[in-house]
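These are the residues of each chain, in order.
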Amino acid sequence: MAKVKEITRKLEEIQKKIKAEIPWEPVGPTPMPEIPDLRNWDMRLLKTYAPFYAPFCDLCCFCTYGKCDLTETRRGGCGIDIATQQARWVLLACLMGCSAHAAHGGHILEFLIEKYGPDKKIDLGGSINIEAPHIRTVVGLKPETLGDLVIAIEYVFKEITHLLDSTAMGQEGSYLDYESKALHAGMLDHVGMEVADIAQIVGFNYPTSVADTPLIDLGWAAVDKSKPVILFVGHNPATSTVVIDYLRENNLYDQVEVCGVCCTALEASRYSDRAKVVGPFSRQLFFIRSGIADVIMTDEQCIRTDMPIEASKAGSALIATLDKAMYGLEDASEMDTEEIVKQMIEDKKHFAILDPRKAAEVAAKVAMEIAPQRRKEWLTEEEARELSQKCNDCGMCEQVCPNLFNIGAGIAEVAKGKFDLIREQFNLCVGCGKCEAECPRKLPIFKIMQIAASKETWKVRAGRGPIMDTEIRTVGAPITLGTIPGVVAIVGCSNFPDIRDIAEMVDEFAKRKYIVVVSGCSAMVAGMWKDADGKTVYEKYPPNFDMGGVVNVGSCVANSHITGAAIKIANIFAALPLRGNYEVMADYVLNRVGAVGIAWGAYSQKAASIATGCNRLGIPVILGPHSSKYRRLYLSRKEEDDWRVMDARKREIVDTVEPAPEHLAYVCETKEKAMVMIPKLCIRRNDTPQGRAIKLNHYISLHKKFMGGGLPEDIHLFVRRDPDIPLVYKKEVREYLQKIGWQPREPVGLPTLIGTYPSKVPVDAVIH
Amino acid sequence: MSVIPYHRVNVLTGIKSARLIEDAQEYADLIQKAKRPLLVLGPLLLKRSLDGKLLIEYALEIAKAANIPTCATAQVRAKMAELGVKPDSFYDVVEIINALKDPNWRGVKKEGNHDLVVFFGIRSDLGEQGLSVLKHFAPHLKTMTLCKYYFPNANYSLPNFRKDEQWKAFLESLIDNLKKGA
Ligand code: SF4
Ligand code: SF4
Ligand code: SF4
C-alpha cells in the first residue's frame, strides 16, 4: 500500500513539473525517466550489441582495499570483476561528459535569467516549432521560457547524482546494469546539451531558422596580429559575448582582434561573424606558444590545465573567467579594475575574474596596452633551422607521442634545411606537447612547427543550431525510405589520426548526396581544405539539411540538434507522439532513420557521453583508432546474433537476418575502412527496395574503391529480394548470390523491437 | 622476467606482461607447435618497408612458410589483391578480436577457434587494447606480435628494437626457421 502511494505521489510530482495539464500531446509512459525506467530497452539493445571491453588498465585503485588486480578472472576486494570495472569507468566517463554539458547549460541559464528573468520566451524562429525534441521526449515538457529550461536541467542534475552514486565502492555489480546507466547518462547528456544551446540561441540571439549562416574566417593566419589580440579558449560563450559587447559599446571593435580556439570560437562566431576561428583543440598549444594572443581568456572544458604556465612562457596575459578552472589564481572579481590592469601589465600577473563585464574591460585594456610591445612574427625557416641544430635524433619524443610518429625525424630534417617531413607531420600532431616536455635537449618543438603550419586561411560556416521543421518535412520520407542514403554526422574532438581525414570524408559523402552534418572541432577542420577551385566544403556544398548538403550545427552542445533531428523525423514526419515516449522514438530511429555518427578524433569524456546518448537513441557511432582507449564498444556478431524484429503490421516476429545497423559503437583503424563502414551503418530495415539499392550502391562502390575491388562478402545479408540490388552491380551481385545459395526473403512491413522484449509500450504505439 | 614485489597489494602494476622473446627459433617453434594459428594483418604493413621490401611481403612469406591462415583487416585486402594473394578471411580488427574471444567460434577455417593469434601491422595503441581484450577474456588462446615494439598485453612479444636492421634480421630468421621446420 505504502509503495502504491509513493509511486502515485512521485507521478503527481512529475506531472506537476512537466505541466501535464497542458495537452499539447498525451504524456507517454516514461516522462522524466529514472534509472530503471528504460532499462528493458537498454537490455534489448545490449543483447544484440554486446559490450566489448578492452581494459585500459588491469587494476582498480578506487578505494583503500586496493590496489586490486583484476586480471582475467580475478575479482577485487569488493567483488568486482574486470568487465564490470570497465563498465564502471565508462559510466564515470559518461557522467563527466554529461556533467560538463549540463553544468555549462546550468551556468548559461543562470547568467541569462539574471539578465532577462525566467519568463524570457523561447523563440527559435518561424521554421522551428518543435524547439526541444529531447526535452519534450525525455522530460515530457514543452519548454516555453528560460524558466522551463531550469526544470529540465534540474532533472538532469538529479539523475546524475543517482548515477554517480552507483559508481562508489561496493554498489552495482553487473556490467550490463552499468551499461544501462551509461546509456541513461548519455541520454541525459543530450537533454543537457539541448538546454545549453537553446538558452544560448535565445539569450545571445544566435542565428536560428536559417541555413546559410555567414562564412567565418578560419585558421591561425586569419588572425590579424597587427592588432591587440584577445583569444577565447574553451566552450562557454558567457565571456566572449560580453567581451564583444564591451568592444562594440566602446567603439573598440575595429581596433581589437577577437578569436577563439575550440568550441568557444564557434560560439563567438555565432555571436559576431567578425570573430575568427583559429582552429580545433589540437592547435591550442601551438597557437598559444606562437605568442600571437595578447590576452587569453579561458572559460571551461577543453582548456589546457597548464594555462598559467603556458601564458607566462608566451608573454600573454591570462584571465580565467569561470569557476570550473581557476588555476589557483587570485580571484579578482571584487578588485578595482584599474588595479587589476596595472598588476597584469606591470607584474605580469594572471587573475581569475568571474564577473564577465569586469573581465571584458580588463581584457581589452590589457591587450591594448601590451600588444605594441610584443613580438608577434612567425618563425622564419632560417630561425627554425638554427633552433633544430641541437637535435641528436635520440627518439625520446617518438616514444611519448600519442599519435605514434617520430617528430624528431622531422626536426632532424629541419636542421638540414628540409621542411617536407615536418609539414606532413604537422597534419598528424594532436598538440599534446608531450614531445617537447620529454626532449632531453629542450628543443622548442612547437616553435619549430610554426614553419610547418600552413599560413593559408579558410572558411567555416557559422553554426546554425537546430534543423528546421520545414527541412524535416522535406527529407523525412526520403530518409526513412532510404532514397537519401543517410545522414552522416561527422562530429566532435580533434584527436585525429590525420587532420585531413575529416574534409576528405565530408567531401566524399556530400558528393554522394548524403546529408552531412558537422559540429565542434570537426566542423572547423572540415573547412581546412580547399578543392582545385580554392573552395572549402562549406563553399562547395549547399548549407541545407538535404541531399548533398553540408550543415554545421555549431559547437559540441549543438550535437543535440543532430540527434534532435532524428527524433523530429519520428515526430513531425511519422507523426508519432514524443512526449515522455523515449522508447518509441529510439525504436523508430534504430529501425528507420539511416543516420550514423563519426567521432573520428574523439578524446574527451564528453565525446563518450554524446556517443553513448546516440546509441541509446538507436544511432550507431564510428570512432577513430584512439577511441579504443574508451575501453568499451557495442558490437554485434552478424552471423550469430539475433536479428528478429516484430512486424507491427502483421503482429508476428520475423527473423530479418540482416544486421541493420550492424554495430552501435565501432572503432576503425583507418579512414578507408571507416568510409566503407559509413554506408553500411546507414542501412535500416525499413528501406524500400529503391532506397536499399541506393545504399548498397554506395556500400559496394566504396568497398571497391578502398578494398581492392570485389564485393563485400556480407552483401547477401542486406539483399532481401532482387530489386534491392543496385542496377550497376546487378550481374556481379546476382552471380555471387547464386554461388553462395542465397534465398530471397520478404522485407518487413513495419519493423520494430517493441514486442520482442518486456516493455510498457504496446506494439500499437509504433503505428502511425 | 618481471619481478613482483612481495606485498603486491600496494605496488602491483597489474600488467600480466608478455614474455619477451628475441630468438627467432623460439618464435618459430611456438608457431609450429600451434594447432590452429592465425595471422592478423594490419594496415601498417602497407605503409612501412624494410630495405625497400614492404612489410606485407614479409607477412605473406611468414604465412606461406608456416602455412598459417590470414585475416586481412582495414584495407589490407586491397594490397593483397594487387599482390595476387587472397586472404583466408576479412574482419576488421575489433571484429576478429570479438570473434576470437568466443571459445566456441569456429575460426576462419571453420575447424575450431585458433590457439595462437599472431598480430602484425596494427597501430600500437589499438593493438595493445585489442591484446588486452584477449588477455582478459580469451584464456583459451595465446597471442603473439611481430611489430617492432614490445606489447605487454600479448603472451609473446618482440623487444623494442632500436634499429630496423635488428627487426629485419629477426623477421628473416623467423622465415628461415619456419621454412626449415616445415
Ligand atoms: S573498489 Fe573494489 S576493486 Fe577497486 S580498489 Fe576497492 S575493493 Fe578493490
Ligand atoms: S627528443 Fe629532442 S633531441 Fe631527441 S629526437 Fe626528439 S627533438 Fe630531437
Ligand atoms: S605534440 Fe604532436 S608531435 Fe608532440 S607528442 Fe604530441 S602529437 Fe606527438
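The structure reproduced in this document is the subject of the present report.

Reading guide: rules and limits
- Every chain is numbered independently, its residues counted from 1 as its sequence is written.
- All chains are assigned letters beginning at A, and all ligands numbers beginning at 1, according to the order in which they are written.
- Where totals are concerned, whole chains, interfaces and linings use all residues; where local detail is concerned, this predicted model gives features only for residues with pLDDT of at least 70, and gives and counts side-chain atom pairs only at 80 or more.
- Side-chain measures were taken over the full set of non-hydrogen atoms in the model, leaving aside hydrogen atoms and water.
- Only runs of H or I of at least four residues qualify as helices and only runs of E of at least two qualify as strands under DSSP, and these elements are numbered from the N terminus.
- Atoms considered for the radius of gyration are the C-alpha atoms alone. The globule rule reads 2.2 Å times the number of residues to the power 0.38.
- With a 1.4 Å probe rolled over the protein chains alone, any residue whose accessible area is under 20% of its type maximum counts as buried; one over 50% counts as exposed, and the rest are partly exposed.
- Any two residues whose heavy atoms approach within 4.5 Å at even a single point are treated as in contact.
- Note on areas: Shrake-Rupley, 1.4 Å probe, and residue coverage restricted to the protein chains presented here.
- To be near a molecule or strand, a residue needs just one of its heavy atoms within 4 Å of it.
- When residues are grouped by polarity, Ala, Val, Leu, Ile, Met, Phe, Trp, Tyr, Cys and Pro land in nonpolar, Asp, Glu, Lys and Arg in charged, and all others, Gly among them, in polar.
- By buried area we mean the combined loss of accessible area, with a 1.4 Å probe, across both parts when two parts are placed together.
- Salt bridge criterion: a side-chain nitrogen from Lys or Arg within 4 Å of a carboxyl oxygen from Asp or Glu.
- Whether two strands pair depends on DSSP finding at least two bridges between them.

### Describing the overall build of chain A
The helix and strand tally for chain A stands at 29 helices and 22 strands. Its C-alpha atoms give chain A a radius of gyration of 26 Å, near enough to 27 Å, the size a compact globule of 768 residues would have. Projected onto its principal axes, the C-alpha positions of chain A cover 80 × 65 × 60 Å. Out of the 768 residues in chain A, the part that is buried amounts to 66%. Look at the contacts in chain A between residues 6 or more apart in sequence, and 76% of them connect residues 24 or more apart. Element-wise, carbon and sulfur atoms account for 52% of the exposed surface of chain A, whose accessible area totals about 26400 Å².

### Thoughts on the site of ligand 1
Every residue lining ligand 1 is accounted for by Cys60, Phe62, Cys63, Tyr65, Gly66, Cys68, Gly76, Gly77, Cys78, Ile80, Arg88 and Met169 of chain A. Taken together, the residues that form the shell around ligand 1 break down as 8 nonpolar, 3 polar and 1 charged.

### Let's talk about the interface of chain A and chain B
Across the boundary between the two partners, chain A contributes 49 residues, which contact 38 residues of chain B. Counting each side, the surface lost to burial between chain A and chain B is near 3500 Å², with a carbon and sulfur contribution of 52%. For chain A, the biggest contributors to the area lost against chain B are Phe52, Arg637 and Glu669 of chain A; these three give 20% of the whole. Linking chain A to chain B there are 3 salt bridges. Among the salt bridges present, the one from Arg637 of chain A reaches Asp102 of chain B, with a minimum N-O distance of 3.1 Å.

### A few points about the pattern of salt bridges
A side chain with one charge may pair with a side chain of the opposite charge, provided their charged atoms come close. Residue and element names in this part refer to chain A. Going through the model one piece at a time under the given rule, you end up with 72 salt bridges over all chains. Asp722 is the partner of Lys730 in a salt bridge, and the nearest nitrogen-oxygen pair spans 3.6 Å. By relative accessible area, Lys730 is classed as buried at 16%. When salt bridges that share partners are traced, they join Glu658, Asp687, Arg692, Lys695 and Arg745 into one network.

### Overview of the site of ligand 3
Neighbouring ligand 3 are Cys401, Pro402, Phe405, Ile407, Cys429, Val430, Gly431, Cys432, Gly433, Cys435 and Phe446 of chain A. Taken together, the residues of the shell around ligand 3 sort by class into 9 nonpolar, 2 polar and no charged.

### Regarding the sheet that holds strand β20 (residues 652-655) of chain A
Residue and element names in this part refer to chain A. Taken in spatial order, the 3 strands line up as β20-β19-β22 in an open sheet, and their pairing is antiparallel. For this open sheet the edge positions go to β20 and β22 (751-752), each flanked by a neighbour on one side alone. Here 2 bridges tie strand β19 (residues 644-647) to β22, and the two strands are oriented antiparallel to one another. Residue Met646 lies in a different strand from β22, and its bridge partner there is Thr752.

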